[in-house]
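# Observations on chain architecture
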Amino acid sequence: MLLKIYQTGQPVLRNNSNKVSIDKLNKKETQQLIDLMIETLRDSPGVGLAAPQVGEPLRILIVEDLAKYHEQIPIDVLKSQERKPVKLKVFVNPELEVIEQEEALFFEGCLSVDGYVAAVPRAKTVKIDAVDRYGKPISYTAKGWFARILQHEYDHLNGTLMIDRMKTNSFMNQKNFNSLWRKALPSKIKKEFGNQ
Ligand code: ZN
């Protein structure tokens, strides 16, 4: 069963989400929510999904960046993005810390801002501490695209969307991105939108 993905304008996307107690995490309904989030993410397809995006104000996010999603992206772009496949990960009650202040500027999209993309500056390296879906502590230092996905999804838990952080003059629909910017390297993106 696929979950409905809420679009910008829905209040649940603008609220702070609630911590999940171990009791609640162990409940069948929470485990089922996580399963359905995974199914919904894969169907979309997308690389990250936070519980508020499916209407649940809970501090749960999932990430999965499959190699097959990279097939349409030029290799030099993938390299500049430091984008590598990331196996499915479930983060509950995550805490995010910026490790490298320096930012990278790339286009990103959001399943809750369907059909549009924009250039968003994000820290290059972050550390995430959380528990997994079984309550076991997990910790990763993430670089490049993985770091970007984590910052994007973590923002969702605090009611922040990519449109709050984007270079506003870079906002465009997917069609124009595909025809004009899909092959752009960081220097070009920075030159065009970096000074805003
Ligand atoms: Zn999003």
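Up top you'll find the structure we're talking about.
Quick caveat, the model's predicted, so the values are computed rather than measured.

Protein-derived ligands of the zinc ion are Cys110 (SG), His152 (NE2) and His156 (NE2), with the metal-ligand distances lying across 2.1 to 2.3 Å. For the zinc ion, the donor residues sit on a single chain with the sequence spacing C-x41-H-x3-H. Here the residue Cys110 occupies a position in the loop between strand E3 (86-109) and strand E4 (116-131), and His156 occupies one in helix H4 (residues 144-157), the gap between them amounting to 46 residues. This pair shows no difference in class: Cys110 is buried, exactly as His156 is.

The biggest cluster of nonpolar side chains holds 32 residues, and the ones touching the most others in it are Val63, Phe91, Phe107, Leu150, Trp181 and Ile189. Mapped by element, the contributors of at least two residues to this core are strand E2 (60-65), E3, E4, strand E5 (137-143), H4, helix H6 (174-181) and helix H7 (186-193). For this core, the leading source of residues is H4, giving 7 residues. When sequence neighbours within four positions are dropped, the list of residues in contact with Val63 reads Val47, Gly48, Val86, Lys87, Leu88, Lys89, Phe91, Phe146, Ile149 and Leu150. Leu3, Leu49, Leu58 and Leu111 belong to the second largest nonpolar core, which has 20 residues in total.

Glancing now at the side chain of Asp132. Within the secondary structure, Asp132 sits in the loop between E4 and E5. Buried within the structure, Asp132 lacks any salt-bridge partner; Lys136 is the closest side chain of opposite charge, at an N-O distance of 4.6 Å. Engagement of the side chain of Asp132 in a polar contact is seen with the backbone nitrogen of Tyr134, the distance being 2.8 Å. With residues near it in sequence (within four places) discarded, Asp132 still touches Leu25, Val90, Val92 and Ile138.

Here we come to the pairing of E4. Most of E4 is tucked away: 12 of the 16 residues are buried. Adjacent in sequence and paired antiparallel, E3 and E4 are bridged by 6 residues, among which Gly115 carries a positive phi angle near 95 degrees. Relative to strand E6 (residues 172-173), E4 runs antiparallel, the two sharing 2 bridges. Residue pairing in the sheet places Tyr116 in a bridge with Asn173 of E6. With 7 bridges connecting them, E4 and E5 associate as antiparallel partners.

In terms of strand pairing, E2 meets E3 through 5 bridges, oriented antiparallel. Paired with Ile62 across the two strands is Val90, which belongs to E3. In the sheet, E3 pairs with E4 via 13 bridges, with the strands oriented antiparallel. What sits directly across from Gly109, in E4, is Val117.

Between its first and last C-alpha atoms H4 spans 21 Å; for 14 residues at 1.5 Å apiece the expected length is 20 Å, and the two agree. Of all 14 residues making up H4, 14 are buried, and the element is well covered by its neighbours. Gly159, located one to two residues past H4, shows a positive phi value of around 75 degrees.

Each value, and the rule that gives it
Residues numbered from 1 in each chain as written. Predicted model: local features only at pLDDT ≥ 70, side-chain atom pairs only at ≥ 80, totals over all residues. Heavy atoms only, no water. Donors = N, O, S within 2.8 Å, 3.2 Å for Na, K, Ca; no water. Helix = DSSP H or I, 4+ residues; strand = E, 2+ residues; numbered from the N terminus. Buried < 20%, exposed > 50% of the residue type's maximum accessible area, 1.4 Å probe, protein only. Core = buried A, V, L, I, M, F, W, Y, C linked by side-chain atoms within 4.5 Å. Contact = heavy atoms within 4.5 Å. Lys, Arg positive; Asp, Glu negative; His and termini not counted. Salt bridge = Lys/Arg side-chain N within 4 Å of Asp/Glu carboxyl O. Polar contact = N/O pair within 3.5 Å; in protein donor to acceptor, adjacent residues only side chain to side chain. Pairing = 2+ DSSP bridges. Expected span 1.5 Å × (residues − 1).

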